[in-house]
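# Structural overview for review
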Amino acid sequence: MKLASVTVGGVRRAGVVDSAEETVALLSTTVDDVVRGGPAGEPGEVLPLAEVRLESPLRRFNRDVLCTGWNYLDHFEELKGRRGGQEPASLPERPTFFTKGPDTVIGPFDDISYDPSLSQKWDYEAEIALVIGRDGRSIPEEKALDHVFGFLVANDVSQRDLQRAHGGQWLKGKSIDGTMPLGPWITTADSVDPADLRVRCEVNGVLLQDASSAQMAFSFARIIAELSSGMTLRAGDVVLTGTPSGVGNAREPQVFLRDGDLVVTRVSGLGELRNTVTLTDLAGEGRGR
Ligand code: MG
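Summarised in this report is the structure supplied together with it. Bear in mind that the values here come from a model prediction, so they are computed numbers and not experimental data.

### Looking at the overall build of the chain
- Summing up its helical and strand segments, the chain has 4 helices and 18 strands in all.
- Taken against the 2.2 N^0.38 rule, which gives 19 Å for 289 residues, the C-alpha radius of gyration of the chain at 18 Å falls within 12% of a compact globule.
- Counting only residues that meet the buried cut, the chain has 52% of its 289 residues in that class.
- Within the chain, contacts between residues separated by at least 24 positions form 75% of all contacts whose residues are at least 6 apart in sequence.
- In the structure as shown, the chain presents an accessible area of about 12,300 Å², 48% of it carried by carbon and sulfur atoms.
- Counting 31 positive and 42 negative side-chain charges, the chain places the averaged centre of each group 4 Å from the other.

### Remarks on unusual backbone geometry
- For the bond running from G183 to P184, omega is -10 degrees, close enough to zero to count as cis.
- Along the chain, the position of P184 falls in strand 13 (residues 180-188).
- Even without glycine at this site, W70 takes up a positive phi of about 50 degrees.
- Locating W70 in the fold gives a position in the loop between strand 5 (65-69) and helix 2 (73-78).
- Judged by its relative accessible area of 14%, W70 is buried.
- With a phi close to 50 degrees, S138 is a non-glycine residue in the positive phi region.
- Its place among the elements puts S138 in the loop between strand 10 (126-132) and strand 11 (148-155).
- Residue class for S138 comes out partly exposed when judged on its relative accessible area of 44%.

### A word on the environment of T30
- Along the chain, T30 falls in the loop between strand 3 (23-26) and helix 1 (31-35).
- Judged by its relative accessible area of 19%, T30 is buried.
- Between the C-alpha atom of T30 and that of R13, which follows or precedes it by 17 residues, the distance is 5.0 Å.
- When neighbours within four sequence positions are excluded, T30 is seen to be in contact with R12 and A14.

### Regarding empty space enclosed by the protein
- Summed over the entire model, instances satisfying the criterion amount to 1 cavity of 30 Å³ or more.
- By volume, the largest cavity amounts to about 180 Å³.
- For the lining of the largest cavity, the secondary-structure elements that each account for two or more residues are strand 5 and helix 3 (160-165).
- A per-element tally of the lining of the largest cavity places helix 3 first, with 3 residues.
- Taken together, the residues that form the lining of the largest cavity break down as 4 nonpolar, 8 polar and 8 charged.

### A closer look at the coordination of the magnesium ion
- Protein-derived ligands of the magnesium ion are E125 (OE), E127 (OE) and D156 (OD), with the metal-ligand distances lying across 2.0 to 2.1 Å.
- We note that the donor set of the magnesium ion lies within a single chain, spaced as E-x1-E-x28-D. Residue E125 is found in the loop between strand 9 (122-123) and strand 10, and its partner D156 is found in the loop between strand 11 and strand 12 (158-159); the two are separated by 31 residues along the sequence.
- Judged by its relative accessible area of 5%, E125 is buried.

### As for the sheet that holds strand 17 (residues 262-267)
- The strand order across the open sheet built from 5 strands is 8-18-17-14-15, with neighbouring strands paired in mixed fashion. Where the open sheet ends on each side, the last strands, each with one partner, are strand 8 (112-114) and strand 15 (206-212). Each adjacent strand pair in this sheet contributes to an overall mean axis angle of 15 degrees, direction not counted.

### Focus on the pairing of strand 1 (residues 2-8)
- By the bridge criterion, 2 bridges tie strand 1 to strand 13 in an arrangement that is antiparallel. Note on strand 13: the bridge partner recorded for L3 is I186.
- As paired strands, strand 1 and strand 2 (residues 11-18) are joined by 6 bridges and run antiparallel to one another. Among the inter-strand pairings, T7 is bridged to a residue of strand 2, identified as R12.
- Here strand 1 folds back onto strand 2, and the loop between the two strands holds 2 residues, one of which, G9, carries a positive phi near 60 degrees.

Rules behind the numbers
- Residues numbered from 1 in each chain as written.
- Predicted model: local features only at pLDDT ≥ 70, side-chain atom pairs only at ≥ 80, totals over all residues.
- Heavy atoms only, no water.
- Helix = DSSP H or I, 4+ residues; strand = E, 2+ residues; numbered from the N terminus.
- Rg over C-alpha atoms; globule rule 2.2 N^0.38 Å.
- Buried < 20%, exposed > 50% of the residue type's maximum accessible area, 1.4 Å probe, protein only.
- Contact = heavy atoms within 4.5 Å.
- Areas by Shrake-Rupley, 256 points an atom, 1.4 Å probe, with all protein chains shown as cover.
- Lys, Arg positive; Asp, Glu negative; His and termini not counted.
- Charge placed at Lys NZ, Arg CZ, Asp CG, Glu CD.
- 1 Å grid on protein atoms, 1.4 Å probe; cavity = no way out; pocket = protein on both sides within 12 Å on 5 of 7 lines; lining within 4 Å.
- Points joined across faces, edges and corners; volume = space filled by probe spheres on them.
- Nonpolar A, V, L, I, M, F, W, Y, C, P; charged D, E, K, R; others polar.
- Donors = N, O, S within 2.8 Å, 3.2 Å for Na, K, Ca; no water.
- Pairing = 2+ DSSP bridges.
- Axes fitted to C-alpha atoms, helices over the stretch in contact; angles between N-to-C directions.

Have a look at this one:
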């Protein structure tokens, strides 16, 4: 099942997407509630997908978005000597984790905020995201996928200079408001084969990232097992699982996002995000977008 979020008549609703028919059947609940075990109920009014604007499937976040770093072997290699003093001696034996603030999250077709006064190095990172559907702590790897509600597409847009400017941390260069597209819907775990999902990112029609989840150093199950070790994961938690090689910072010459760039992020079977990088006054006061 594919669960999307739309606002109809001023009310945010979940909808069941039929990709073949290109329709969405509205439910009387929200995706946030369904993910947390609430009843989905029976689908009601059916609308053509072309007539609605899909939003981020999730809006109510328990906490920061949980993220995995360096999880594709080719991406780990391409960053050698480019980590600005954050260089590990060798490939880590355990996954690297960090978080992003929830105000980063935008819908699958929303503009990506861009303010060159904050950073000159806006980079793209196509990723597979998963949503936890069942609470658990110290979840064994062999049971980990039972805790996944579903999968979706994300782009962990990052500000490389901000990752470096504030000491050995990633939070600041990963948490700028309105920069992380998520969607276009959640595909429930029962209809996904996580072993070979194709992850791609195009900028202005040029394919810059293209890899399979089979190239991940740490599987989805291992990520959940490690992350939940002594730390409860709750239904609704979002976990990003890392980006493959081809990021702009590691290219020769480097490629950074600019105002007007179209970023298309695709994962086979999970759908695509289409987002335009758009000049936004983030240095001004305010909250969110
Ligand atoms: Mg990332």
